[in-house]
Amino acid sequence: MKSFYGDLKLGILGGGQLGRMLIQESINFNVTTHVLDPDADAPCKDLCSKFVTGSLTDYRTVYDFGKDLDLVTIEIEKVNVDALEQLESEGVLVYPQSRVIRLIQDKGIQKQFFKENNIPSSRFQLIQNRAELKNGNFPLPYIQKLRKDGYDGRGVHSVRNTADLDNAFDAPSLIEDWVDFEKELAVIVSRNENGEIKTFPCVEMEFNPEVNLVEFLISPSTLSPDILQKADNLAVKIAQDLKIVGVLAVELFLTKDGQILVNELAPRPHNSGHQTIEGNYTSQYEQHLRAIFNLPLGDTRSISNAVMINLLGEKGFEGLAEYEGLNEILKIERVYVHLYGKKLTKPFRKMGHVTILDDDREKAIETARFVQATIKVKI
């Protein structure tokens, strides 16, 4: 058996910011990392032991990338699962497992999994095309989501009235109740091969309404212990039902009447866990490595209140990125900047994040609002 610290070769499908932060943590464990990404200038390219440029969805490319590796993981779900299944059959470890990735790639199958396992989620219906949508009788308003390939707010369409049907997706989709929620929450849960499970404290999220991206995250949540326990229990149940190996982000709605509903799952490190790098004793990236290497899972407790802000490219700017206001925010104590190594900015592109820690929750939020107003990604 090869040691994870040196001999073992870890492959990461995807070379974006999640892979970059995973590699930054893997360096502490002396892990040898190989990365596959279609972008020759991906954020991971200078950090890994070997970088391969190629398609994540092409069978032969993914298979050839993984066949000489010991373990393959992902930082994005849009990968060729057939190639991963073949690699598993040949003895390459794939975590999260190919069956988990296949389930999560299809939002329709994901919803059916919730239903079959008694996991509370909004009512839904599967449809094939726009015509079926127009002829249906699902009560308005509702949300339409493409079953495949939607991410970062893409592939989601709001249907408030019949006029919105004209712009609906003409492709296999799910439609689900419009949830009148109080808050959007997330719990990151991890599980290793031995079946050990740990959760990170529940966090509260605020989304940019224009592009449906997380813009503001507060950790830990200060909701009632009863609600937090429900959220935690749900995350643990899902990890157990899936028997996943790795970290899993469970995105949740808290409804106006106090129910917790599962929205979506992400079987990898996630935007809702960036603040764990400084804000928790173990980061989500270290925890993912511990889980996939079947090591004891780390201490997930919060060190302090943490607020995380996504740095998104400003509207109207496209070109070489400049970070206006960076010097000003670096003067503030317990403000931690993470830039993702992307040379070019465009509107709403994720260019980095900033985490603010403060033992006083309201002060952390106040500082975060100042940081949010001060730092701008322009050209």
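Please refer to the structure placed before this passage.
Residue numbers restart at each chain and count upward from 1, following the sequence in its written direction. Where local features are concerned, this predicted model is filtered to residues with pLDDT of at least 70; where side-chain atom pairs are given and counted, the filter is 80 or more; whole-chain, interface and lining totals use all residues. Only hydrogens and water are set aside when side-chain values are computed; all heavy atoms of the structure are taken into account.

Caption draft 1: Seen up close, the sheet that holds strand E4 (residues 71–74). When DSSP locates at least two bridges between a pair of strands, those strands are taken to pair. A run of H or I in DSSP counts as a helix once it spans at least four residues, and a run of E counts as a strand once it spans at least two, with each numbered from the N terminus. Pairing in this open sheet of 5 strands is parallel, and the strands run E3-E2-E1-E4-E5 from one edge to the other. With one partner strand each, in any of the chains shown, strand E3 (50–53) and strand E5 (93–94) form the two edges of the open sheet. Pairing between E4 and E5: 2 bridges, direction parallel. Pairing of Val-72 across the sheet is with Val-94, part of E5.

Caption draft 2: Up close: helix H9 (residues 284–292). Working definition: with a 1.4 Å probe on protein chains only, accessible area under 20% of the residue-type maximum means buried, over 50% means exposed, and in between means partly exposed. The buried count for H9 comes to 8 of 9 residues, which makes it a mostly enclosed element. Among the residues of H9, those classed as buried are Gln-284, Tyr-285, Glu-286, Gln-287, His-288, Leu-289, Ala-291 and Ile-292. One or two positions beyond H9, positive phi appears at Asn-294, with a value near 55°.

Caption draft 3: A look at the pattern of salt bridges. The salt bridge definition used is simple: a Lys or Arg side-chain nitrogen within 4 Å of an Asp or Glu carboxyl oxygen. Counted under the stated rule, the structure contains 23 salt bridges. Arg-60 is the partner of Asp-64 in a salt bridge, and the nearest nitrogen-oxygen pair spans 3.2 Å. A residue pair is termed a helical-turn pair when its members lie 3 or 4 positions apart in one helix, as Asp-64 and Arg-60 do in helix H2 (residues 59–66) at 4 residues. Look at the salt bridges and you will find they share partners, linking Lys-111, Lys-145, Glu-176 and Glu-264 into a network.

Caption draft 4: Structural view of the pairing of strand E7 (residues 142–146). Burial within E7 is extensive, with 5 of its 5 residues counted as buried. The two faces of E7 match: Tyr-142, Gln-144 and Leu-146 on one face and Ile-143 and Lys-145 on the other face are all buried. In the sheet, E7 pairs with strand E8 (residues 156–159) via 4 bridges, with the strands oriented antiparallel. Looking at the pairing, Ile-143 lines up with Ser-158 of E8. As paired elements, E7 and strand E9 (residues 173–177) share 5 bridges and run antiparallel to each other. Considered in E9, the bridge of Tyr-142 is made with Asp-177.

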